[in-house]
Amino acid sequence: MLHLLEVERINASYYKCSQVFTIKLQLTVTFFVIPFSARCPRCTLVAWLCCLTHWLCYRAISHMANELRPCPCDIGDRFDYGGRGQEVQIEHIRAYVSKPSASTDKAVIVIHDIFGWQLPNTRYMADMLTANGYIAICPDFFVGQEGWKPSNDWASFDDWLKTRQASKIDKEVDVVLKYLKEQCGAKEIGAIGFCWGGAAVQHLMLKNPHLKTGVSLYGVIRFFDNGSNLLHPTFFIFAENDDFIPLEQVTDLEQKLKQNCKVDYEVKIYPGQTHGFVHRKKENINPQDKPYIEEGRKDMINWLNKYM
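Rules behind the numbers
Residues numbered from 1 in each chain as written. Predicted model: local features only at pLDDT ≥ 70, side-chain atom pairs only at ≥ 80, totals over all residues. Heavy atoms only, no water. Helix = DSSP H or I, 4+ residues; strand = E, 2+ residues; numbered from the N terminus. Buried < 20%, exposed > 50% of the residue type's maximum accessible area, 1.4 Å probe, protein only. Contact = heavy atoms within 4.5 Å. Areas by Shrake-Rupley, 256 points an atom, 1.4 Å probe, with all protein chains shown as cover. Polar contact = N/O pair within 3.5 Å; in protein donor to acceptor, adjacent residues only side chain to side chain. Salt bridge = Lys/Arg side-chain N within 4 Å of Asp/Glu carboxyl O. Core = buried A, V, L, I, M, F, W, Y, C linked by side-chain atoms within 4.5 Å. Phe/Tyr/Trp six-rings, centres within 6.5 Å; stacked < 30°, edge-to-face > 60°. Lys NZ or Arg CZ within 6 Å of the ring centre and 35° of its normal.

Describing the overall build of the chain
Next up, step 1: When helices and strands are tallied, the chain shows eleven helices and eight strands.
Next up, step 2: In the chain, which comprises 308 residues, the share counted as buried stands at 49%.
Next up, step 3: Counted over contacts in the chain with a minimum sequence separation of 6, partners at least 24 positions apart contribute 72%.
Next up, step 4: Summed over its atoms, the accessible surface of the chain is roughly 15,300 Å², and 51% of this surface lies on carbon and sulfur atoms.

Structural data, given as structure tokens:
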């Protein structure tokens, strides 16, 4: 028989826990072990009450964990990739530029996530665009400030973000547009972005009249401008199992687009995938993920091809 004293001891250990993983483990133990270990009706009732308490507390702590870690980015699979392009100085910003062998007047601005413009994964995506015939440029939209590091304290993220707002990149975008038109001969220019960059893409699709189209990959919805009246065709890529972009938010975004948007758009959710799946996961990490990673990348290219 599991005595009430033992239930209280387990309950107390739960409240002292500070790691969500441990909380999940103890929650599982509580739900599946404690009730079936209790022999008397009184112990069973108390055990189930503890289950309910644990569940409510876990929900609250999970919410607090998300608030303490307000951006879902994780470094994921950092590619061992050097890049085929080159770094250039464009007025006050640095940028990675990759050009196809054949001449083209089509270019894509690649907007990085919180880890910055030098992340190999982002350069890999830029080179993928180049392999499909586009000039690709990944500017340093943090303008010399450091990208986020996995070792940083997430409690400081909001302060860090105040000087790196996704809606405050217009000056840099104007510099990049001028460079692409004058130095690269670009006439049609689109934009893609990941996470922080995905939010920046939506901002540009709402505000910048000089772009043709955009692809926002798992852009953090809470970073988005409060608007859905897009100026240009926009493709939104989301992951079904994105812990930090709930599907309810995606549904709400889609409803607003249906009400207000007068240009083409698409919102697509990829089954079983998590945040960052298109540009952070290695295709061979899980055979079940590979088709969706490839599909997301193909969809991105197809969207650009359609509107540029």
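Right, picking up where we left off after that structure.
Points about the side chain of His112
Next up, step 1: Position of His112 among the secondary structure elements: in the loop between strand E3 (106–111) and helix H5 (120–131).
Next up, step 2: According to the relative accessible area criterion, His112 is buried, its value standing at 0%.
Next up, step 3: Of the polar contacts made by the side chain of His112, one reaches the backbone nitrogen of Phe141; its length is 3.1 Å.
Next up, step 4: Those residues in contact with His112, other than ones at most four positions away along the chain, are Trp117, Thr122, Cys138, Pro139, Asp140, Phe141, Phe142, Phe194, Trp196 and Gly197.

So, the pattern of salt bridges
Next up, step 1: Evaluated as defined, the whole model comprises eight salt bridges.
Next up, step 2: Where Asp159 meets Lys162, a salt bridge forms, and the shortest distance between an N and an O atom there is 3.4 Å. Accessibility assignment for this pair places Asp159 and Lys162 in one class, exposed.
Next up, step 3: Several salt bridges share partner residues, and in doing so they unite Glu87, Arg94 and Arg123 into one network.

Digging into the nonpolar core
Next up, step 1: Formed by 79 residues in total, the largest nonpolar core has its most connected members in Ile109, Leu129, Leu180 and Ile192.
Next up, step 2: In this structure Leu129 touches Val108, Val110, Tyr134, Ala136, Ile192, Met300, Ile301 and Leu304, once residues within four positions along its chain are discounted.

Comments concerning the packing of aromatic side chains
Next up, step 1: Inspection of the entire model under this criterion finds twelve aromatic pairs.
Next up, step 2: Centroid distance Phe142 to Trp160: 5.5 Å. Interplanar angle 85 degrees. Geometry classified as edge-to-face. Highlighted residues: Phe142 in the loop between strand E4 (135–139) and helix H6 (157–161) and Trp160 in helix H6, separated in sequence by 18 residues.
Next up, step 3: With 6.5 Å between their ring centres and 40 degrees between their planes, Phe194 and Tyr218 make a pair best called tilted. In this pair, Phe194 sits in strand E5 (residues 188–194) while Tyr218 sits in the loop between strand E6 (214–217) and strand E7 (234–239), placing the two residues 24 residues apart along the sequence.
Next up, step 4: The buried category is assigned to Phe194, whose relative accessible area is 0%.
Next up, step 5: In this structure an aromatic cluster arises from ring pairing among Phe142, Trp148, Trp154, Phe157, Trp160 and Trp196.
Next up, step 6: Of note, Arg164 hangs over the ring of Phe142, and the distance from its end group to the ring centre comes to 5.7 Å.

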